[in-house]
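Fold and contact review
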Amino acid sequence: MSSSSGAQQGPAARQAAMAEQVLADGSATAAELAERFGVSLMTIHRDLDELERQGIVRKFRGGVTAQPSGVFESNVQYRLKTMRAEKAAVAEHALRMVEPGMAILLDDSTSALEIARRLRTGEVTPLTVVTNFLEAINLLSDQRGIHLMALGGDYDPLHSSFLGVSCVEAVEQLRVDVCFASTSAVHGGYAYHQEQHIVSVKRAMLDAAARNVLLIDHTKLGRVALHRVVPLSRFDLLLVDDGASAEALRDLDEHKVRYEVCATKGSDDRAGAT
């Protein structure tokens, strides 16, 4: 984008373009953005303040990032682009647990979305799928052989999902065979997440299932976030890709977490349990 075209854009269009760039690159400095969009640093900082207010990015000294922290979960559009091979490996492994006739629950994680993508092949039917994730609802809405139950609630555009008290109450009326869920961080025998309103929905989902499976990519191991979701003992199985370090897996062993390591393409399966 030329400086002149950037300067001629209105604030909303410029902020949308700026968000798209930061979500694609992961982070940027204010100086880089000012040069790219042909506006002053003061204007850039006002734009970044607005994007931060919307929850799309978080600011740090001299720049902005879309990457998660202990108190900030990345925008869904950023999460959809990250760790794709690792999430695919975990989803392929998880799919082995799904049998015709089951009712399964998918949370609003991009890891669970990879399971939904694979259900579109129609190889596992009939199947009842319950989810609050709009991305998964859109994927499965026209899929023959799948009875889709969409959980209502307050729509949250940053997560592309339905949340809040109404969603929790809807989940509490159900009983499913398996819940596939993810979370932002795993450490010391606990699963963590940055946002309290997400935590309440995940807890309700776990209570509604006969069996719970935690889907994570290896970057979430050894990290914490603001809120404890549940002890890892609430999950019957944890699935993680083979990028997990020996140290991170030892931590799972020490807390007697049953886990399986899922091979990414070109790797061999390794499994551990305890």
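Bear in mind that the values here come from a model prediction, so they are computed numbers and not experimental data.

1. Re the overall build of the protein
Helix and strand counts for the protein stand at 11 helices and 16 strands. A total of 274 residues make up the protein; the buried ones form 53% of that total. For the protein, contacts bridging at least 24 residues in sequence account for 64% of all contacts bridging at least 6. Of the roughly 12,400 Å² of accessible surface on the protein, a fraction of 49% belongs to carbon and sulfur atoms.

2. Examining the environment of Leu-48
In this fold, Leu-48 is placed in helix H4 (residues 41-53). Under the relative-accessibility criterion, Leu-48 is labelled buried at 0%. The spatial distance from the C-alpha of Leu-48 to the C-alpha of Arg-58 is 8.3 Å, given a sequence separation of 10 residues. Every residue in contact with Leu-48, bar those within four places of it in the chain, is listed here: Met-18, Leu-33, Val-57, Lys-59 and Val-64.

3. Notes on the pairing of strand E11 (residues 190-193)
Here strand E10 (residues 185-187) runs beside E11; their pairing, made up of three bridges, is antiparallel. Bridging across to E11, Ala-185 finds its partner in Tyr-192. Bridging between E11 and strand E13 (residues 227-231) involves four bridges; their strand directions are antiparallel. Looking at the pairing, Tyr-190 lines up with Pro-231 of E13.

4. Here we look at the sheet that holds E13
The antiparallel open sheet is built from three strands, whose spatial order is E10-E11-E13. Since the sheet does not close on itself, it has two edges, and those belong to E10 and E13, each with one partner. Across the sheet, the mean angle from the axis of one strand to that of its neighbour is 30°, orientation sign disregarded. Lying over the sheet, helix H10 (residues 196-207) contacts E11 and E13, oriented at roughly 10° with respect to E13.

5. Quick word on helix H3 (residues 30-37)
Looking at H3, one finds that the buried residues are Ala-30, Leu-33, Ala-34 and Phe-37. For H3, the angular spread of buried residues about the axis comes to 100°, placing them on one side. Looking one or two residues past H3, Gly-38 carries a phi angle of roughly 65°, positive in sign.

6. Some remarks on the pattern of salt bridges
Under the criterion given, the structure shown has 11 salt bridges. With its nearest N and O atoms 2.7 Å apart, the salt bridge here joins Lys-202 to Asp-107. Here the residue Lys-202 occupies a position in helix H10, and Asp-107 occupies one in the loop between strand E4 (103-106) and helix H7 (110-119), the gap between them amounting to 95 residues. There is no split in this pair, since Lys-202 and Asp-107 are both buried.

7. Some remarks on the packing of aromatic side chains
Tallied over the full model, the rule gives two aromatic pairs. With 5.3 Å between their ring centres and 55° between their planes, Tyr-155 and Phe-162 make a pair best called tilted. Of note, Arg-36 hangs over the ring of Phe-37, and the distance from its end group to the ring centre comes to 5.6 Å.

8. As for H4
Here H4 is 13 residues long and its end C-alpha atoms lie 18 Å apart, about the 18 Å a rise of 1.5 Å per residue gives. Residues Thr-43, Ile-44, Asp-47, Leu-48 and Leu-51 constitute the buried set of H4. All buried residues of H4 fall inside an arc of 135° around its axis, so they share one side. Facing away from the buried side of H4, by more than 90 degrees, are the exposed residues Met-42, Arg-46 and Arg-53. Among the structural elements, helix H2 (11-25), H3, strand E2 (58-60) and strand E3 (63-65) are those in contact with the buried residues of H4. Looking at the residues trailing H4, positive phi occurs at Gly-55, about 85°.

9. As for the sheet that holds strand E1 (residues 27-29)
Pairing is antiparallel in the open sheet, where three strands are placed in the order E1-E3-E2. A single partner strand is all that each edge strand has here, and the edge strands are E1 and E2. Strand-to-strand twist across the sheet, computed as the mean angle between neighbouring axes with direction ignored, equals 20°. Relative to E3, E2 is paired through three bridges, and the arrangement is antiparallel. When the bridges of E3 are listed, Lys-59 appears paired with Val-64.

Each value, and the rule that gives it
- Along every chain, residues carry numbers that run from 1 in the direction the sequence is written.
- It should be noted that, the model being predicted, local features are given only for residues of pLDDT at least 70 and side-chain atom pairs only at 80 or more, the latter also being counted only at that level, while totals for whole chains, interfaces and linings use all residues.
- Values shown for side chains rest on all heavy atoms present in the structure; no hydrogens or waters enter the calculation.
- Secondary structure elements are taken from DSSP: a helix is a run of H or I of four residues or more, a strand is a run of E of two residues or more, and numbering for both begins at the N terminus.
- Exposure is judged per residue with a 1.4 Å probe applied to protein chains only, and the accessible area is read against the type maximum: over 50% gives exposed, under 20% gives buried, and values in between give partly exposed.
- Contacts: residue pairs with any heavy atoms within 4.5 Å of one another.
- For the accessible areas, the method is Shrake-Rupley and the probe is 1.4 Å, while residue cover comes only from the protein chains on display.
- Strand pairing is defined by DSSP finding a minimum of two bridges between the two strands.
- What counts as an axis is a line fitted to C-alpha atoms, over the stretch in contact for a helix, and the angles between N-to-C directions run from 0 to 180 degrees.
- What the arc describes is the spread of directions from the helix axis to the C-beta atoms.
- Whenever a carboxyl oxygen of Asp or Glu lies within 4 Å of a side-chain nitrogen of Lys or Arg, that contact is scored as a salt bridge.
- Working definition: a ring pair exists when centres of Phe, Tyr or Trp rings (six-membered ring for Trp) sit within 6.5 Å. Plane angles under 30 degrees give stacked, over 60 give edge-to-face, the rest tilted.
- Charge-over-ring contacts are defined here by two conditions on Lys NZ or Arg CZ: a distance within 6 Å of the ring centre and an angle within 35 degrees of the ring normal.
- Helix span, as expected, comes to 1.5 Å for every residue beyond the first.

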